[in-house]
Amino acid sequence: MLLKINNLRYINNLKITSILLFALLFYSSIAAQEIIEDKPKQKPLQKTDSVFSSFKALKVDGVAAVVGEYIVLESDIPKEREQILAAGGNLDGVTDCQLMGSLLENKLYAHHAIQDSIQVSDAEIRSQVDYQVQQFLQYFNGSMERLLEYYKKDDEASFREEMFEINKNNQLAAKMRSKIVEEVEITPEEVREFFNAIPVDKRPRFGTELKVAQIVAEPKVSEEEEQRIIDRLNGFKEDVEVRGSSFRSKAVLYGEDPGLKQAGYVYTLDRNKPRMVKEFRQAAFALKEGEVSEPFKTDFGYHIVYCQKIKGQKYDVSHILLKPKVSYEAIEEAKNRLENIRKRIIDGDISFADAAKEASDEKETRNDGGQLINPETQDYNFELTRMDTELYSQIQNLKDNEVSLVLKDEDNRGNVKYKILMVSDRIDEHVADYARDFLKIKELALKEKQLKAIEKWQDEKILDTYIKISGSYRDCEFSGNWLKK
C-alpha cells in the first residue's frame, strides 16, 4: 500500500513539474501532440495539414507509439527527461519505459476526452497562448523574429496554432483525469481501514507543524484620491458615449490591467461559467451592446466596462481599470498603527487574537483571531517542510507565542501593507497518529482510492483503444497493459 502511495506521489509530481516547465520549454513537446487524421487502412499515418503542414515533407524521427488519434515520437522520451531535469526534478531510477508510460497515459486521457465530448474554451486557450507568447518574448528581448528562428517556425500564426493545439490537448487530458476521480469519495471507516493496514513500523512521518496568526495594517486611500479616479473614469465614459472616442484606445492608453492586453483587449464572459469577481460580472451582464457601465469598485481598483458584443450567454467585454494611489503619509500611518498594536500585545494590554479582531484590516483572518488557513489542508496547521517559502522566511526564527517585528509586505497587485506574525501550537516531527493527523491520513487514503479508480479506468480504456507500441519499447514492462498481452 505504501508503494502505491509513493507511486501516486511520483506521478503527481511528475505531471505538475511537466506542466510548470511547459510554460518555458513548450516547443520540445510539439510533435508529441500531433493528431492523426483517419485514413484508409492500407495507407500510412499522415500528419495533419492544418497544424503540421510545415513538417509534411520531412520525416523528423520515428513513431514510437500510437494511442487513438495521437502519436509519441522516439525523440519525445529523451526530451521529456531533459525537461524534467531542467525543472529540478529527480529522475534517479526512472527508466525510459516509465517515461513512455507517462506519455501514453496523457495521450489516452486526451483521446477519450474527445470521445466523451469534453469541452474546453477556445477563447481561454487563446488567452493562455497570448500570455505564453509574451513570456517567451521576454527571453528574446521582445524580438518575435528571434523567437520564431529559435523554434524553427516560418511565421507567428503557425507558431500560435501549434501552441494552441498543445494547450488544448493538455487541458483535455487534465479534464479527463478530473472526470475519472470527481465522484470518488472516502468514508471515515475507509480511512481507518487504510491506516490500520499500514504496518506500525512503516507508518509515514509528518514534519514539524505549527499554527500561524497575523495582524495586517493596510494604508488607506484618501477620499480625494478615490474621487479623482472616479471622475477620470466618468470622463472616459463621456468621451466614448458623447464624443465617439474609441473605448479600445482608452483601454490601451490608460488601462492598468496587464491581463487585458494579453487577452487582446477583450474578455469573453459566460453567464453559465463564472469568471472575474462578482462586481465585475454584475456590471458586465447588466449592459447592452455598445453600452459603458458606471464606475464601480473591486479589490483591484475602479473600473468601467464596455460591452462589445453579446452572443447568447456570452459577452465580449473590455474594461478600463485604474488603481488609486496610496500616499506616503498613508503608508507611514499604517506602519505606525501596527507598531502601536504590537506594543500593546507585548505589554500584555491585549491578546494577539483580540487585537486581530479589533484592528486587523485582513477580513479573511480577522474573525479567527488572525489565524491563517493552510490552503492545502484547509485547517490551521502548517507543516514546515511544505510551507510557502516567503511565509517560512518570516516565521522561521520566531519562538512560540513570540510576536514578530513589523514586516512590510507587497502582494501580486503591487499593494503595500504591513503585518505582524505569531506562531503557536508547535508539534515536532512525529509518526502519523490517527486522531491528531486524521486529515492528512484521509488525504493519503483518498489518493489511494483515486489511484485505484484511475487504474481501473485505464485497464478498461486500453482494451477499447487502438494502441500500437513500436521498436524497443515493446520490451518494456509497463505498469499498464499497453502491449495488450
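Shown above is the structure to which this text applies.
What comes next concerns the included structure.

Parameters at a glance
- Positions within a chain are numbered from 1, following the residues in the order the chain's sequence is written.
- With the structure being a predicted model, the display of local features is reserved for residues of pLDDT at least 70 and the display and counting of side-chain atom pairs for 80 or more, all residues being used for whole-chain, interface and lining totals.
- Side-chain metrics rest on all non-hydrogen atoms present in the structure, leaving aside hydrogens and water.
- Helix numbering and strand numbering both begin at the N terminus, where a helix is a DSSP run of H or I of at least 4 residues and a strand a DSSP run of E of at least 2.
- The buried label applies to any residue whose accessible area, calculated with a 1.4 Å probe on protein chains only, is under 20% of its type's maximum; exposed applies above 50%, and partly exposed to all values in between.
- When checking whether two residues touch, look at their non-hydrogen atoms; a contact exists if any pair is within 4.5 Å.
- Residue burial considers only the protein chains on display, and all accessible areas are found by Shrake-Rupley using a 1.4 Å probe.
- Only buried residues count toward a nonpolar core. Its members are Ala, Val, Leu, Ile, Met, Phe, Trp, Tyr and Cys residues joined through side-chain atoms within 4.5 Å.
- Strands are labelled as partners when DSSP assigns at least two bridges between them.
- Geometry is summarised by axes, namely lines fitted to C-alpha atoms with helices restricted to the contacting stretch, and by angles between N-to-C directions that run from 0 to 180 degrees.
- The rule for a salt bridge is simple: a side-chain nitrogen of Lys or Arg has to be within 4 Å of a carboxyl oxygen of Asp or Glu.
- Here the expected span of a helix is defined as 1.5 Å times the quantity of residues minus one.
- Side-chain atoms alone can form a polar contact between residues adjacent in sequence; in general such a contact is a pair of N or O atoms within 3.5 Å, and within protein one must be able to donate a hydrogen while the other accepts it.
- By the definition adopted for this analysis, an angle is roughly parallel if under 35 degrees, roughly antiparallel if over 145, roughly perpendicular if from 65 to 115, and oblique otherwise.
- Following the grouping adopted for this structure description, the nonpolar residues are Ala, Val, Leu, Ile, Met, Phe, Trp, Tyr, Cys and Pro, the charged ones are Asp, Glu, Lys and Arg, and the polar ones are all others, Gly among them.
- Here, patches come from residues exposed beyond 30% relative accessible area and free of salt bridges, joined within 9 Å for like charges and within 5 Å for nonpolar side chains (Val, Leu, Ile, Met, Phe, Trp, Tyr).
- In this tally, Lys and Arg are treated as positive and Asp and Glu as negative; His is ignored, and so are the chain termini.
- To locate a charge, the coordinates of NZ of Lys, CZ of Arg, CG of Asp or CD of Glu are taken.

For the protein, the count of helices and strands is 16 helices and 13 strands. Scored against the burial criterion, the 485 residues of the protein give a buried share of 42%. Restricting the contact set of the protein to residue pairs at least 6 apart, pairs at least 24 apart contribute 65%. As presented, the protein carries roughly 27100 Å² of accessible surface, and 48% of it is formed by carbon and sulfur atoms.

Glancing now at the nonpolar core. Formed by 48 residues in total, the largest nonpolar core has its most connected members in M100, L104, L147 and F159. Ignoring sequence-local partners within four residues, the contact set of M100 consists of A64, A65, V72, I77, Y473 and F478. With 26 residues, the next largest nonpolar core counts V240, Y267, L287 and Y302 among its residues.

On to the environment of A359. Secondary-structure assignment places A359 in helix 13 (residues 352–359). Classification of A359 as buried rests on a relative accessible area of 18%. Separated by 21 residues in the primary sequence, A359 and L338 have C-alpha atoms spaced 8.7 Å apart.

Read across the sheet, 4 strands follow the order 5-8-7-6 without closing on themselves; strand pairing throughout is antiparallel. Edge strands, defined here as strands with exactly one partner in the open sheet, are strand 5 (267–270) and strand 6 (296–298). With direction set aside, neighbouring strand axes in the sheet form an average angle of 50°. Inspection of the sheet shows strand 7 (residues 301–311) paired to strand 8 (residues 314–322) by 9 bridges, in the antiparallel sense. Paired with H303 across the two strands is L321, which belongs to strand 8. With respect to the sheet, helix 8 (residues 223–241) is in contact with strand 6, strand 7 and strand 8, its orientation differing from that of strand 7 by roughly 25°.

On to the environment of E182. Topologically, E182 is positioned in the loop between helix 6 (156–181) and helix 7 (188–196). Put simply, E182 and Q450 are 268 residues apart on the chain and 9.0 Å apart in space, counted from C-alpha to C-alpha.

Looking now at the pairing of strand 4 (residues 209–217). In terms of burial, strand 4 is largely enclosed, as 8 of its 9 residues are buried. Pairing analysis gives 3 bridges linking strand 4 to strand 9 (residues 381–383), with the strands arranged antiparallel. The residue bridging K211 from the neighbouring strand is N381, located in strand 9. Examined bridge by bridge, strand 4 and strand 11 (residues 416–427) share 8 bridges and lie antiparallel to one another. Along strand 11, the bridge assignment pairs V212 with V423.

What follows concerns the pattern of salt bridges. Where side chains of opposite charge bring their charged atoms close, a pairing between them can arise. This model, assessed by the stated rule, comprises 27 salt bridges. For R81, the salt bridge identified is with D96, shortest N-O distance 3.0 Å. In this pair, R81 sits in helix 2 (residues 76–86) while D96 sits in helix 3 (residues 96–115), placing the two residues 15 residues apart along the sequence. Close ionic contact of K237 with E241 constitutes a salt bridge, the shortest N to O distance being 3.0 Å. With K237 and E241 both in helix 8 and 4 residues apart, this pair spans about one turn of that helix. Three or more residues are tied together by salt bridges with common partners; here these are K220, E333, R337 and D361.

Pairing in this open sheet of 4 strands is antiparallel, and the strands run 9-4-11-10 from one edge to the other. The outermost strands of the open sheet, each flanked by one partner alone, are strand 9 and strand 10 (407–410). Each strand of the sheet is rotated relative to its neighbour by a mean of 55°, with strand direction disregarded. Direction of pairing for strand 10 relative to strand 11: antiparallel, over a ladder of 4 bridges. Residue pairing in the sheet places L407 in a bridge with K419 of strand 11. The strands touched by helix 13 within the sheet are strand 4 and strand 11, with strand 4 carrying the most contacts at an inclination of about 35°.

This part is about unusual backbone geometry. At N141, a residue that is not glycine, the phi angle is positive and equals roughly 50°. Within the fold, N141 resides in the loop between helix 4 (122–138) and helix 5 (144–150). Under the relative-accessibility criterion, N141 is labelled exposed at 70%. Even without being a glycine, D425 presents a positive backbone phi close to 50°. Along the chain, the position of D425 falls in strand 11.

Moving on, we get to helix 6. Its 26 residues place the ends of helix 6 38 Å apart at the C-alpha level, agreeing with the 38 Å of an ideal helix rising 1.5 Å per residue. You can read the cap of helix 6 off the contacts: a side-chain oxygen lies 3.2 Å from the backbone nitrogen of A157, and it is on D155.

Axis separation between helix 8 and helix 9 (residues 247–254) bottoms out at 9 Å; the angle between their running directions is 150°. Classified by the angle their axes make, helix 8 and helix 9 are roughly antiparallel. Only F247, K250 and Y254 of helix 9 make contact with helix 8, whose side of the interface consists of R232, F236, D239 and V240. Within the contact of helix 8 with helix 9, the residues separate by chemical class into 4 nonpolar, no polar and 3 charged.

Moving on, we get to a negative patch on the surface. The grouping of E218, E279, D299 and E364 at the surface amounts to a negative patch. The topology assignment puts E218 in the loop between strand 4 and helix 8. The exposure class assigned to E218 is partly exposed, which follows from its relative accessible area of 34%.

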